Amino acid sequence: RSSDLPPRRVEKLLVFGCELTADHKEYHLEVPDDNHVHNLYLSMVTLDASAKDEPNIVEVDGQGFDHKTTVTLANLDLSSQPSVSLGHLEVLLPATLRLKSGSGPLDIGGHYIMRTEKEQRKRNCLAVKQFQKSPPKKAKRRRSYDDE
């Protein structure tokens, strides 16, 4: 979907990546005081081939719209699910990525966008207008055995 992708006009787009291991279980992301809006979009969590065959749970502590929240991003296992796609999951900063259980190593990838506050307001207004234009879809009713 086009709404899941970052906008075309951005001030600065950076590739983001970090590794979580048994020795480095947390990665902290702070918001610099530079009059920009900072957005982190996560796209993939992948276990390294050298990881032990054990459950590896990854979570993020972040800022919700009105409160702090913790969300599980992935529960990976080398033999059954070594990676997961997160699409373009937006994480509001400040945030902490954490290897809650397991020893990794695992990689988290995505992109980091810096915008001026003016560009962010413009982006938010466009998103609201797009939402208001699209009429709600009616759900199709499936035939059931009771209908026969």
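Our subject is the structure that appears above.
Cut-offs applied
Residues numbered from 1 in each chain as written. Predicted model: local features only at pLDDT ≥ 70, side-chain atom pairs only at ≥ 80, totals over all residues. Heavy atoms only, no water. Helix = DSSP H or I, 4+ residues; strand = E, 2+ residues; numbered from the N terminus. Pairing = 2+ DSSP bridges. Axes fitted to C-alpha atoms, helices over the stretch in contact; angles between N-to-C directions. Phe/Tyr/Trp six-rings, centres within 6.5 Å; stacked < 30°, edge-to-face > 60°. Buried < 20%, exposed > 50% of the residue type's maximum accessible area, 1.4 Å probe, protein only. Polar contact = N/O pair within 3.5 Å; in protein donor to acceptor, adjacent residues only side chain to side chain. Contact = heavy atoms within 4.5 Å.

On to unusual backbone geometry. Most peptide bonds take the trans configuration, and most residues that are not glycine carry a negative phi. Residues Leu-93 and Pro-94 are joined by a peptide bond in cis, for which omega reads 5°. Structurally, the position occupied by Pro-94 is in the loop between strand 6 (83-92) and strand 7 (95-101).

The antiparallel open sheet is built from 4 strands, whose spatial order is 1-8-3-6. This sheet does not close on itself; its edge strands, each paired only once, are strand 1 (12-20) and strand 6. The mean angle between the axes of side-by-side strands here comes to 20°, regardless of whether they run parallel or antiparallel. In this structure, strand 1 lies alongside strand 8 (residues 106-116), joined through 9 bridges in antiparallel fashion. Directly across from Leu-20, in strand 8, lies its bridge partner Leu-106.

What follows deals with the packing of aromatic side chains. Applying the stated criterion across every chain, the model contains 1 aromatic pair. Measuring from centroid to centroid gives 5.7 Å for Phe-16 and Tyr-27, while their planes differ by 70°, and the two rings are edge-to-face. In this pair, Phe-16 sits in strand 1 while Tyr-27 sits in strand 2 (residues 26-29), placing the two residues 11 residues apart along the sequence. A relative accessible area of 8% means that Phe-16 is categorised as buried.

Quick look at the side chain of Asn-56 now. Along the chain, Asn-56 falls in strand 4 (residues 56-63). In terms of polar contacts, Asn-56 uses its side chain to reach the backbone amide nitrogen of Ser-103, at 3.2 Å. Those residues in contact with Asn-56 that sit more than four places away from it in its chain are Leu-47, Ala-74, Asn-75, Leu-76, Leu-99, Ser-101, Gly-102, Ser-103, Gly-104 and Leu-106.

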